[in-house]
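Fold and geometry: a report
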Amino acid sequence: MNFPPEAPILDVKNLRVSFPSAEGPVGAVQNVSFSIARGRTLALVGESGSGKTVTAHALLKLVRPPGRIEAGRMVFRSRRVGEIDLAHLDEKSGLLFKVRGGLISLIFQEPMTALSPVHTIGSQIDEAILVHQEVSPAAARRQTLDMLNRVGIGDAVRRYAQYPHELSGGMRQRVVIAMALVCRPELLIADEPTTALDVTIQAQILGLIKSLQSDIGCSVLLITHDLGVVAQVADEVAVMHRGEIVERGGVRAVLKNPQHRQTRALLEALPSRRAVVA
């Protein structure tokens, strides 16, 4: 499908997501609007509870009941299937099934919750391929081994047959990234992909995502609370606070001259602000 060069791959307008409470509906996401340019990285940043993950889950219709999407448009422009308003896809739609994991992939916060403890690494990545591609099990295995090598997992044949508990945290995160990218998605949502990893492994994972993004040509929505991470990998940043986007712009401009008090507070939480905004 051909779109104008300036058309963003994702265009979210006035998204609202709420959860019921004894006092009435609570707006976890309130009139959120943003767009992601094709091939670029947008960081959605904010403290815990600001609505970042709920926004990401809404894009794939993964908001768990009793939460619900109340309003808004989420237009995804896929070169494979055309323009889709994700907000209005039926939960049982074959197109939604194709979108999840095929056109849009999600890296979850904690790899141990994203991976099945009773299935091998290889079988789980194979399944992602077989669900979205018409290939033989042997071809799926070859793709899996190739992707394991590309994400920096040595001795891929041996790792293929191992279970998640046999791998380190950094290795498991690489497996989750491999699973997310093996079907060559057009949009990758990375939800806190370096949480609980030490700084050395964190740098490796961020570098890996950036390298594979360039290789595959996908766009990235990075969910994080760490402006240090944002400075390393993002092109644009949107700051969330209490379910709303309170500041948005190019990374360098926002970090050098933050306008909102929440952005300033996030910067002040960094050990060395000078290194981030240099």
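A brief look at the structure comes next. As the structure is a computational prediction, the values presented were derived from the model and not from experiment.

1. So, the overall build of the protein chain
Along the protein chain, the regular secondary structure elements total 12 helices and 10 strands. On C-alpha atoms alone, the protein chain measures out to a radius of gyration of 19 Å, which is about the 19 Å that the 2.2 N^0.38 rule sets for 278 residues. Expressed along its principal axes, the backbone C-alpha trace of the protein chain runs to roughly 55 × 45 × 45 Å. Residues counted as buried form 51% of the 278 residues belonging to the protein chain. Surface exposure of the protein chain reaches about 13,100 Å², of which carbon and sulfur atoms provide 51%. Taken together, the 32 basic and 27 acidic charged side chains of the protein chain have centroids lying 3 Å from each other.

2. As for the pairing of strand β7 (residues 187–191)
Along β7, five of the five residues are buried, which leaves the element largely enclosed by surrounding structure. The two faces of β7 match: Leu187, Ile189 and Asp191 on one face and Leu188 and Ala190 on the other face are all buried. For strand β6 (residues 104–107) and β7, the ladder comprises four bridges, and the chain directions are parallel. The residue of β7 that forms the bridge with Ser105 is Leu188.

3. Let's talk about the packing of aromatic side chains
The geometry of an aromatic ring pair is captured by two quantities: the separation of the ring centres and the angle between the planes. Per the counting criterion, the structure on display carries zero aromatic pairs. Sitting above the plane of the Tyr160 ring, Arg141 keeps its charged end 4.7 Å from the centroid.

4. Some points on the environment of Ala140
Mapped onto the fold, Ala140 is located in helix α5 (residues 137–150). Judged by its relative accessible area of 0%, Ala140 is buried. In the structure, Ala140 is positioned 31 residues away from Met171 in sequence and 21 Å away in space, judged by C-alpha atoms. Apart from the residues within four sequence positions on either side, Ala140 is in contact with Asp126, Ile129, Leu130 and Val135.

5. Side note on the layout of surface pockets
Approximately 640 Å³ is the volume attributed to the largest pocket. Contributing to the lining of the largest pocket are 24 residues, with Arg100, Gly101, Phe108, Ala128 and Met179 lying nearest its centre. Per-element tally for the lining of the largest pocket: the top contributor is helix α4 (residues 121–132), with six residues. Broken down by class, the residue content of the lining of the largest pocket amounts to 15 nonpolar, seven polar and two charged. A volume near 150 Å³ is recorded for the second largest pocket. If you go around the second largest pocket, the residues you meet are Arg80, Phe97, Lys98, Gly102, Leu103, Val131, His132, Gln133, Val182, Cys183 and Arg184.

6. Focus: helix α1 (residues 52–59)
Of all the eight residues making up α1, six are buried; the element is thus mostly covered by neighbouring parts of the structure. Of all the residues in α1, the buried ones are Lys52, Thr55, Ala56, His57, Ala58 and Leu59.

7. Looking at the sheet that holds strand β3 (residues 41–45)
A sheet is described by the order of its strands in space; here six strands give the open sequence β6-β7-β8-β3-β9-β10, paired in mixed fashion. Where the open sheet ends on each side, the last strands, each with one partner, are β6 and β10 (244–250). Each strand of the sheet is rotated relative to its neighbour by a mean of 15°, with strand direction disregarded. Examined bridge by bridge, β3 and strand β9 (residues 236–241) share four bridges and lie parallel to one another. Bridging from a neighbouring strand, Leu44 pairs with Ala238 of β9. Sitting on the sheet, α1 touches β3, β6, β7, β8 (219–224) and β9, and the angle it makes with β8 is about 150°. Sheet strands in contact with helix α11 (residues 261–268) are β3, β9 and β10, and its direction is about 105° off that of β9.

8. Some details on empty space enclosed by the protein
In total, this model carries one cavity of 30 Å³ or more according to the counting rule given. Estimates place the volume of the largest cavity at around 70 Å³. Lining the largest cavity are Thr41, Leu206, Ile209, Lys210, Gln213, Val220, Leu222 and Val233. Broken down by element, the lining of the largest cavity gets its largest block of residues, four residues, from helix α8 (residues 199–216). Within the lining of the largest cavity, the residues separate by chemical class into five nonpolar, two polar and one charged.

9. Concerning the pattern of salt bridges
Tallied over the entire structure, the rule returns 12 salt bridges. In this structure, Glu70 and Arg68 form a salt bridge, with 3.7 Å as the shortest nitrogen-oxygen distance. Among the residues examined, Arg68 registers a relative accessible area of 48% and is labelled partly exposed. For Arg77, the salt bridge goes to Glu83, with nearest N and O atoms at 3.3 Å. What emerges from the salt-bridge pattern is a single network uniting Asp11, Arg77 and Glu83.

Criteria and cut-off values
All residue numbers refer to position in the chain's written sequence, counted from 1. Reporting of local features is limited, given that this is a predicted model, to residues whose pLDDT is at least 70; pairs of side-chain atoms are given and counted only at 80 or more, and all residues count toward the totals for whole chains, interfaces and linings. With hydrogens and water stripped out, all remaining heavy atoms of the structure feed into the side-chain values. Elements are defined by DSSP. Helices are runs of H or I of four residues or more, strands are runs of E of two residues or more, and each kind is numbered from the N terminus. Values of the radius of gyration come from C-alpha atoms, whereas the globule rule sets the reference at 2.2 Å times the count of residues to the power 0.38. The cut-offs for exposure are 20% and 50% of the maximum accessible area for each residue type, with area from a 1.4 Å probe on protein chains only; residues under the lower value are buried, those over the upper are exposed, and the others partly exposed. What sets the accessible areas is the Shrake-Rupley method with a 1.4 Å probe; for residues, cover comes only from the shown protein chains. The charge count includes Lys and Arg as positive and Asp and Glu as negative, but it does not include His or the ends of the chains. Think of each charge as sitting on NZ of Lys, CZ of Arg, CG of Asp or CD of Glu. In this description, strands pair whenever DSSP reports at least two bridges between them. Any two of the Phe, Tyr and Trp rings considered here, Trp counted by its six-membered ring, make a pair once their centres fall within 6.5 Å; the pair's planes then place it as stacked at under 30 degrees, edge-to-face at over 60, or tilted in between. By definition, being over a ring means that NZ of Lys or CZ of Arg is both within 6 Å of the ring centre and within 35 degrees of the ring normal. The contact criterion used throughout is that any non-hydrogen atoms of two residues lie within 4.5 Å. Cavities and pockets were defined on a 1 Å grid built over protein atoms only: a cavity is a set of grid points that admits a 1.4 Å probe from which the probe cannot escape, a pocket is an open set flanked by protein on both sides within 12 Å along at least five of seven lines, and lining residues are those with an atom within 4 Å of any such point. Grid points are joined across faces, edges and corners, and a volume is the space filled by probe spheres set on the points. Residue polarity is assigned by list, with Asp, Glu, Lys and Arg as charged and Ala, Val, Leu, Ile, Met, Phe, Trp, Tyr, Cys and Pro as nonpolar; anything else, Gly included, falls into the polar class. The convention used is that axes are lines fitted to C-alpha atoms, helices contributing only their stretch in contact, and that angles between N-to-C directions extend from 0 to 180 degrees. Salt bridges, as used here, are contacts in which a Lys or Arg side-chain nitrogen is within 4 Å of a carboxyl oxygen on Asp or Glu.

Geometric descriptors of this kind do not, in isolation, establish any biological role.
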